[in-house]
Amino acid sequence: MKKTWVKVTFILREDQKDAFWIWLSGLNSLGAWEVDPQTVITYFSQPLPDIPLPFVERWWQEEEEEGEWSQKWRKKFTPIWVDENLVVRPPWKKQTKALFDIVIYPAYAFGTGHHPTTCGCLRFIKKYFQRGQSFLDVGVGSGILSILALKMGAKRVCGIDIDPLAIEEVRRNLVLNNLDDSCMELLVGDMSRVQGKFDFIAANIGPYFPLEHLPV
């Protein structure tokens, strides 16, 4: 008999996305993905007793057999070809012949390559970043932007995020890309934690992240 999981779909309030993800990170979710900017699907072993209504416009939960959701979850994340030389793929997809082949495990942290802002940042970095420059990733998320900078020959990379869970995701993705986590500095907190100046700064974030005193 197949195990049954609880599938919960959230339609987020636009001004409460940050609070929602912080709230979700404290739960025992078995998986989550951002279907679109307002829709998030998650899976749990037990039904959720209550949802903080300020976070969502509406939500619903339903039962789904394990075989169904585990396969759907993987099918959702296919390789994203940002251009002919840059691809982002999950670890269960084969390595490509792209010059920059980036592996990202889809989890809690933002940045799988599917969101338009992530693709835009990747294109911008690939076009303008130069080998030997220092790189600051504000709101590092999955680490996808920093990983591209490292593969392009950055001399120093620093990633900062207000969510400690994101830092753990970066470490996992560095390993998946055969990069040692000693190759970049990872910080939790606001911009006051960042020391020094940087040649190149990327910030694929929402307006909640304080950008005062950027080290430029």
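Coordinates for the structure precede this section.
Residues numbered from 1 in each chain as written. Predicted model: local features only at pLDDT ≥ 70, side-chain atom pairs only at ≥ 80, totals over all residues. Heavy atoms only, no water.

K.L.:
Can you help me understand the nonpolar core in this one?
P.N.:
If you look at the biggest cluster of nonpolar residues, it comprises 31 residues, and the most contacted ones within it are Ile125 and Phe135. If you list the elements that add at least two residues to this core, you get β5 (80-83), β6 (86-89), β7 (100-103), α3 (116-128), α4 (144-151), α5 (164-176) and β11 (200-202). Residue contacts for isoleucine 125: discarding those within four places in its chain leaves Phe135, Leu145, Leu148, Met152, Phe200 and Ala202. (Core = buried A, V, L, I, M, F, W, Y, C linked by side-chain atoms within 4.5 Å. Buried < 20%, exposed > 50% of the residue type's maximum accessible area, 1.4 Å probe, protein only. Helix = DSSP H or I, 4+ residues; strand = E, 2+ residues; numbered from the N terminus. Contact = heavy atoms within 4.5 Å.)

K.L.:
What is the right way to look at empty space enclosed by the protein in this model?
P.N.:
If a probe as big as a water molecule is rolled over the atoms, it shows which places are left empty. This model, assessed by the stated rule, comprises 1 cavity of 30 Å³ or more. Approximately 60 Å³ is the volume attributed to the largest cavity. (1 Å grid on protein atoms, 1.4 Å probe; cavity = no way out; pocket = protein on both sides within 12 Å on 5 of 7 lines; lining within 4 Å. Points joined across faces, edges and corners; volume = space filled by probe spheres on them.)

K.L.:
Sorry if this is basic, but what is going on with the packing of α3 against α4 here?
P.N.:
The packing of two helices is summarised by the inter-axis angle and the distance between the axes. Between α3 and α4, the shortest axis-to-axis distance is 10 Å and the interhelical angle comes to 20 degrees. Classified by the interaxial angle, the pair formed by α3 and α4 is roughly parallel. The two elements α3 and α4 meet at a crossing, and its hand is right-handed. Contact residues: α3 offers Thr118, Cys121, Leu122, Ile125 and Lys126, while α4 offers Ile144, Leu145 and Leu148. Grouping the constituent residues of the contact of α3 with α4 by class yields 6 nonpolar, 1 polar and 1 charged. (Axes fitted to C-alpha atoms, helices over the stretch in contact; angles between N-to-C directions. Parallel < 35°, antiparallel > 145°, perpendicular 65-115°, else oblique. Left-handed = near helix turned anticlockwise from the far one by under 90°. Nonpolar A, V, L, I, M, F, W, Y, C, P; charged D, E, K, R; others polar.)

K.L.:
Would you take a moment to explain the sheet that holds strand β2 (residues 31-36) for this structure?
P.N.:
Either a parallel or an antiparallel arrangement is found when strands of a sheet pair, and the pairing is made through backbone hydrogen bonds. Strand order in the open sheet formed by 4 strands is β2-β3-β1-β4, and the pairing between neighbours is antiparallel. Sheet topology places β2 and β4 (56-65) at the edges, where each strand pairs with a single neighbour. For this sheet the average axis-to-axis angle between neighbouring strands, irrespective of direction, equals 20 degrees. The pairing of strand β1 (residues 4-12) with β4 spans 9 bridges and is antiparallel. Looking at β4, one finds that phenylalanine 10 is bridged to tryptophan 59. Of the strands in this sheet, β1, β2, β3 (39-44) and β4 touch helix α1 (residues 17-25), which is tilted by about 160 degrees from β1. (Pairing = 2+ DSSP bridges.)

K.L.:
How should I be thinking about the packing of aromatic side chains in this particular structure?
P.N.:
Two numbers describe a pair of aromatic rings. These are the distance of the centres and the angle of the planes. Evaluation of the coordinates by the stated rule reveals 11 aromatic pairs. One aromatic cluster in this structure is built from Phe10, Phe20, Trp21, Trp23 and Phe55. (Phe/Tyr/Trp six-rings, centres within 6.5 Å; stacked < 30°, edge-to-face > 60°.)

K.L.:
Mind showing me how you'd approach α5 here?
P.N.:
Every α-helix winds through 3.6 residues per turn, so residues three or four apart in the chain are directed the same way. Helix length check: α5, at 13 residues, gives a terminal C-alpha distance of 19 Å against a target of 18 Å (1.5 Å per residue), a fit within 8%. Restricting attention to buried positions, one finds in α5 the residues Ala166, Ile167, Glu169, Val170, Asn173 and Leu174. Viewed along the axis of α5, the buried residues span an arc of 160 degrees, placing them on a single side of the element. Residues of α5 that are buried in the fold lie against β7, α4, β9 (156-161) and β10 (185-188). Two residues or fewer past α5, asparagine 178 is found with a positive phi of approximately 60 degrees. (Expected span 1.5 Å × (residues − 1). Arc of directions from axis to C-beta.)

K.L.:
Explain the pairing of β10 to me, please; I cannot follow it from the model alone.
P.N.:
Within a regular strand, the side chains alternate between the two sheet faces. In this sheet, β10 lies alongside β9 in parallel orientation, the contact comprising 4 bridges. The residue bridging isoleucine 160 from the neighbouring strand is leucine 187, located in β10. Chirality of the crossover, the property in question, places the unit of β9, α5 and β10 among those that are right-handed. (Right-handed = clockwise from strand over helix to strand, strands pointing away.)

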